[in-house]
Amino acid sequence: MLKTRIITALILAPIAIGGIFFLPPAGFALFTGAIISLGAWEWANMSGIEGQPGRVIYALVMAGLLAVIWQLQVPAITVLWLALLWWLVCFGLVSRYPAGSDRWGAVPLRALMGLFVLVPAWVGLNHLRTGSFQFGELTNNLLAILYIFLVVWVADIGAYFAGRAFGKAKLAPKVSPGKSWAGVWGGLAAVAALAVAASLVAGAGAVQTVLLVLASLVTGLVSVLGDLLESMLKRFRGIKDSSQLLPGHGGIMDRIDSLTAAIPVFALMITLLGWLSTGVWNL
């Protein structure tokens, strides 16, 4: 299994790096749209759509919706505000599980939840790509995209080590038994250290540094919620992985679940802080 994971990672890493950091905005939108559509195919399974034709149709609907948003140039800030409200709702859903699952457990409702998760993630990512970024002395918006990835990865790594060392009190045992409160605090400590380091590299002032630490901590917390939401849906569905699309790694959703929550929330916060312009989605 380890060998399979490594081989898959070695194949996918250059593709992901090239698609995210070296494509022009239109190519970036298509590349990320393809990833989100594949994630939608997996979400259809988590929603309870058992037939392959239904899953493909769901993915095509997702792709069509993204195309319409791009073509109409729907204001990103509107979608990001709605995403924030959605993740507040998700906090209630996850914290109460399994109570309340009878209200959202129907297949159409779970399918609708996928739109609320995946569409804002794509919009937020493209907002980061097309907007004008300014933090300290840094003006490259690709660095903002790299930073949000680092926040999620660092939070995950910090949570892993802190959880192994001190993880007795469970965070949400009915949703994801492996997660602990110690893991959350360890992840947030690592994120805070990352934010301070990034501020030093960017030559940011004290106020900007404090704001970045706060924004990063909120993002780290929300990334945990994204992970828990997918775990809740998989547990409700009775499956371990979203798919077997990535040998040794499960599915795409298993890899981007935290990012789907972190990206729109982080993009909204740095826009409100004035570090990212609204941007125009020009082809």
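Residues numbered from 1 in each chain as written. Predicted model: local features only at pLDDT ≥ 70, side-chain atom pairs only at ≥ 80, totals over all residues. Heavy atoms only, no water.

Undergrad: Would you take a moment to explain the overall build of the protein chain for this structure?
TA: When its secondary structure is counted, the protein chain shows 10 helices and 2 strands. Its helices and strands taken in sequence order, the protein chain reads α-α-α-α-α-α-α-β-β-α-α-α from the N to the C terminus. Here the C-alpha radius of gyration of the protein chain, 18 Å, is about what a compact globule of 283 residues would show, namely 19 Å. If you line up the protein chain on its principal axes, its C-alpha atoms span 50 × 50 × 40 Å. (Helix = DSSP H or I, 4+ residues; strand = E, 2+ residues; numbered from the N terminus. Rg over C-alpha atoms; globule rule 2.2 N^0.38 Å.)

Undergrad: Would you take a moment to explain the environment of Val94 for this structure?
TA: Topologically, Val94 is positioned in helix H4 (residues 76-96). Along the sequence, Val94 and Trp122 sit 28 residues apart, while their C-alpha atoms lie 23 Å from each other. The contact partners of Val94, leaving out residues within four places of it in the chain, are Val175, Leu225, Leu228, Leu229 and Met232. (Contact = heavy atoms within 4.5 Å.)

Undergrad: Where do I start with the pattern of salt bridges in this structure?
TA: A side chain of one charge can pair with a side chain of the opposite charge when the charged atoms of the two come close. Under the definition given, this model contains 4 salt bridges. The shortest N-O distance in the salt bridge between Lys179 and Asp227 comes to 3.2 Å. Of the two residues, Lys179 sits in strand S2 (residues 176-180) while Asp227 sits in helix H9 (residues 206-237), which places them 48 residues apart along the sequence. As a salt-bridge pair, Lys240 and Asp241 come within 4.0 Å of each other at their nearest N and O atoms. Overall, the relative accessible area of 69% leaves Lys240 in the exposed class. On the basis of relative accessibility, which here comes to 21%, the residue Asp241 falls in the partly exposed class. Shared partners join several salt bridges into a network, and the residues in it are Glu230, Lys234 and Asp254. (Salt bridge = Lys/Arg side-chain N within 4 Å of Asp/Glu carboxyl O. Buried < 20%, exposed > 50% of the residue type's maximum accessible area, 1.4 Å probe, protein only.)

Undergrad: Quick question: what am I supposed to make of the nonpolar core here?
TA: Burial of nonpolar side chains together is a common tendency in soluble globular proteins. Grouped together as the largest cluster of nonpolar side chains are 47 residues, with contacts concentrated most on Trp43, Trp87 and Leu229. Elements supplying a minimum of two residues to this core: helix H2 (25-47), helix H3 (52-72), H4, helix H6 (107-130), strand S1 (170-172), helix H8 (181-202), H9 and helix H10 (252-272). Other than its neighbours up to four places away in sequence, Trp87 contacts Val117, Leu225, Gly226, Leu229, Thr260, Ala261, Pro264 and Val265. Counting residues in hydrophobic clusters, the runner-up holds 34 residues, among them Leu125, Phe135, Val213 and Ile263. (Core = buried A, V, L, I, M, F, W, Y, C linked by side-chain atoms within 4.5 Å.)

Undergrad: It is not clear to me how the packing of H2 against H6 should be interpreted in this structure. Could you clarify?
TA: Packed helix pairs are specified by the crossing angle of their axes together with the interaxial distance, meaning the distance between the axes. With their axes 10 Å apart at the nearest point, H2 and H6 run at an angle of 160° to one another. As judged from the angle between their axes, H2 and H6 are roughly antiparallel. For the pair H2 and H6, the crossing hand works out as right-handed. Contact residues: Pro25, Phe28, Ala29, Thr32, Gly33, Ile36, Gly39, Ala40, Trp43, Met46 and Ser47 in H2; Val107, Arg110, Ala111, Met113, Gly114, Val117, Leu118, Trp122, Leu125, Asn126, Arg129 and Thr130 in H6. Among the residues making up the contact of H2 with H6, the classes are represented as 14 nonpolar, 7 polar and 2 charged. (Axes fitted to C-alpha atoms, helices over the stretch in contact; angles between N-to-C directions. Parallel < 35°, antiparallel > 145°, perpendicular 65-115°, else oblique. Left-handed = near helix turned anticlockwise from the far one by under 90°. Nonpolar A, V, L, I, M, F, W, Y, C, P; charged D, E, K, R; others polar.)

Everything listed here is a matter of geometry and, on its own, says nothing about what the molecule does.
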